[in-house]
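Residues per chain, in single letters:
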Amino acid sequence: MRKVLPKAGLNLFCLLVYIFLAAPIVVVLLSSLTTTEYIVFPPKGITLRWYTELLDHPEFMQSFTLSIIVAFGTAIIATFIGTMASIAVVRYEFKLKTAIVQLVGSPLLIPSVVFGVALLQFYSWIGIAASPIALVIGHIILTIPFVMRLVVASLVGFDRSIEQAAMNLGAGSFKVFFQITLPMIKSGVIAGAIFAFITSFDDLTVALFIVSTDVVTLPVRIYTYMQYQYDPIITSVSSIMILLTFVLMVVIERVLGVGKVFASKN
Amino acid sequence: MQAEVEVQQEQEILYKQEKKRLTRKKLDSWLLLLPTLAIFIFFFLLPLFFLFITSFKTFDAGSGIGSEWTLQNYVKFLFDKFYLGVLWRTVKIGLLTTLVAIVISYPVAYQITKANGRLKNYLTLLVLSPLLISMVIRCYGWVILLSNNGVVNNTLMKMGWIDKPLTLLYTEFSVVIGMVHVLFPYMVLSIMGSLERIDPSVIRASQNLGASPIRTFFSVVLPLTLPGIFAGSVMVFSLAVSSFVTPAILGGPQVKVMSFLTYEQVTTMLNWPYGSAIGFLLIFIATITIVVYSKLLTRSEKGVAIQ
């Protein structure tokens, strides 16, 4: 009895926490099915009306496309240059190394609001208008710390004798990189790219300062829409995003095994 | 004689080759770093540096930024009751979020570390999945739950516990709830890390000496995981004080925090110098937390080494 009671208590407590974690997501998903003109939970009746209604709101589709383009651009560039920088940091000794490592990690410490304001002021001074590229540059800064952390981690435990062997057999350094190094640090690089994609796709704070009336990312569109309207359209847009995330998660699980990527050591 | 010269020449050639190799290596490392470094200097350091300068300028109603130098922006903040109130509210929300996060994360981290194999993987995934879902959407879910005719109020009224809806949304309460939801995974990961490092033989020893499970937990497990709790708290606190999305959606203008004030000053009041000054005070708070933490960590290195 003395042993069972604390364990049951622990499990009950954890169950409540899991409900707390799932609650806002479940509520968004279910309220998107309501037949009413306003958001209500539990939904009254079931309809897909709010999903078809999205077709009358091309601005959401435009924002969605823009967000996808920006997130792809960010993920590709940040992963590419972040991997290069990680190799430099792990394999070479050079001056100011500590300072440079701290610099590229510092976007995690600087509040995004302040970075957004700084970037807005800088862009307007040098005359860069709101554009996908302006957004991608801001997002590269936000995502490089994640990419480098993951790639550096996979480079550190790397057995270099295989590379040495390939070199001795006459392979050039490019061939060695693409045929030996890259395949071995693959999981770190892919995890970095996925993190970069999600961070960029999710970013509201920095984008809020850079967007203009024509260039609006999806999070900014949702944020501004819900300040004036309270109809279920937002819940259907959000539900599509949640479902996409689930699909992405299943893909990660199949390719890498999420447990392996996140859990420290199993 | 002849042989000596040859050896010398050979050494010279080797030395030159080595030097060439080193220079090439140096060049390689800088070439690899160049794109990242260029982007960081040009689009991160430089903009922040200019914003820092802006925070020492006077306000100009026309262009936003005046031409005179002044310390007034910082003085105005630090000697005004209203703004100090905002600062205190930001810190208070950060502390409350950290505290609630510790209380609800610890049992979950404990349960996950105890679980084995597949279950452990699934639970980890479940706990971390909120990280992958858009923050805007999660906060929006809380708006639906906490609004005046939202789920929580409706349920309470149906049960007859309250007569009229409680004001839950746009309060410090809703901001803390939203922040805990967003930052929870960081705390769980941090505590899980230190729980996993505990040597099982220590726990067996405690049990063999006759301690009850509860006694073992409070006098052995909990003290050993304090560094994990501490590290998680620093991360959650500094992310909480600097976050913008959650207080903007769940608090709005009614619950002003530093980040929202920065946003408002710049976009609504167009007072760039004052907005920048508030922003740099916010950076100061977030940084000082981390600096103090790492100082304490090096001092208590011996305590940590026990793990």
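Residues numbered from 1 in each chain as written. Chains lettered and ligands numbered in written order. Predicted model: local features only at pLDDT ≥ 70, side-chain atom pairs only at ≥ 80, totals over all residues.

A. Representation of the nonpolar core in the model. Ranked by size, the top nonpolar core spans 142 residues in total, and within it A:I210, B:V136 and B:L183 carry the most contacts. Per-element accounting of this core gives the leading share, 15 residues, to helix α6 (residues 132-156) of chain A. Two domains each put at least three residues into this core: domain 1 (2-54) and domain 2 (74-305) of chain B. (Core = buried A, V, L, I, M, F, W, Y, C linked by C-beta atoms within 7 Å. Buried ≥ 20, exposed ≤ 12 C-beta atoms within 10 Å, placed from the backbone. Helix = DSSP H or I, 4+ residues; strand = E, 2+ residues; numbered from the N terminus. Domains from an automatic or database assignment.)

B. Broad picture of the interface of chain A and chain B. Taken together, the 63 residues of chain A in the interface contact 66 residues of chain B. Among the elements that take part in the side of chain A that touches chain B, helix α1 (residues 4-31) of chain A stands out by supplying 13 residues, more than any other. Class assignment of the residues belonging to the side of chain A that touches chain B gives a composition of 51 nonpolar, ten polar and two charged. (Contact = placed C-beta atoms within 7 Å. Nonpolar A, V, L, I, M, F, W, Y, C, P; charged D, E, K, R; others polar.)

C. Inspection of the UniProt feature "domain: ABC transmembrane type-1" (unreviewed entry) in chain A at higher detail. When the UniProt feature table is mapped onto this chain numbering, "domain: ABC transmembrane type-1" (unreviewed entry) sits at residues 64-252 of chain A. Here residues 64-252 of chain A runs as 80% helix and 0% strand, with 22 Å between its end C-alpha atoms. (UniProt positions renumbered as here; feature names shortened; annotations may be inferred.)

D. Fine view of the UniProt feature "transmembrane region" (unreviewed entry) in chain B. All names here are of chain B. According to UniProt, the "transmembrane region" (unreviewed entry) feature falls on residues 30-53, 86-110, 122-147, 167-189, 217-250 and 270-293. Structurally, residues 86-110 is divided into 100% helix and 0% strand, and its ends, taken at the C-alpha atoms, are 36 Å apart. Between the end C-alpha atoms of residues 122-147 the distance is 32 Å, and the span holds 88% helix and 0% strand.

E. View of the domain arrangement of chain B. Domains assigned within chain B are domain 1 (2-54) and domain 2 (74-305). For domain 1 of chain B and domain 2 of chain B, the distance between their C-alpha centres works out to 43 Å.

F. Here's a closer look at helix α7 (residues 172-196) of chain B. Residue and element names in this part refer to chain B. Across its 25 residues, α7 extends 35 Å between first and last C-alpha, which sits within 8% of the 36 Å expected from 1.5 Å per residue. Its maximal kink placed at L183, α7 deviates by approximately 50 degrees, while the proline P185 follows within four residues. Most of α7 sits inside the fold, with 19 of its 25 residues counted as buried. (Expected span 1.5 Å × (residues − 1). Bend = angle between axes of the 7 residues up to and from the residue.)

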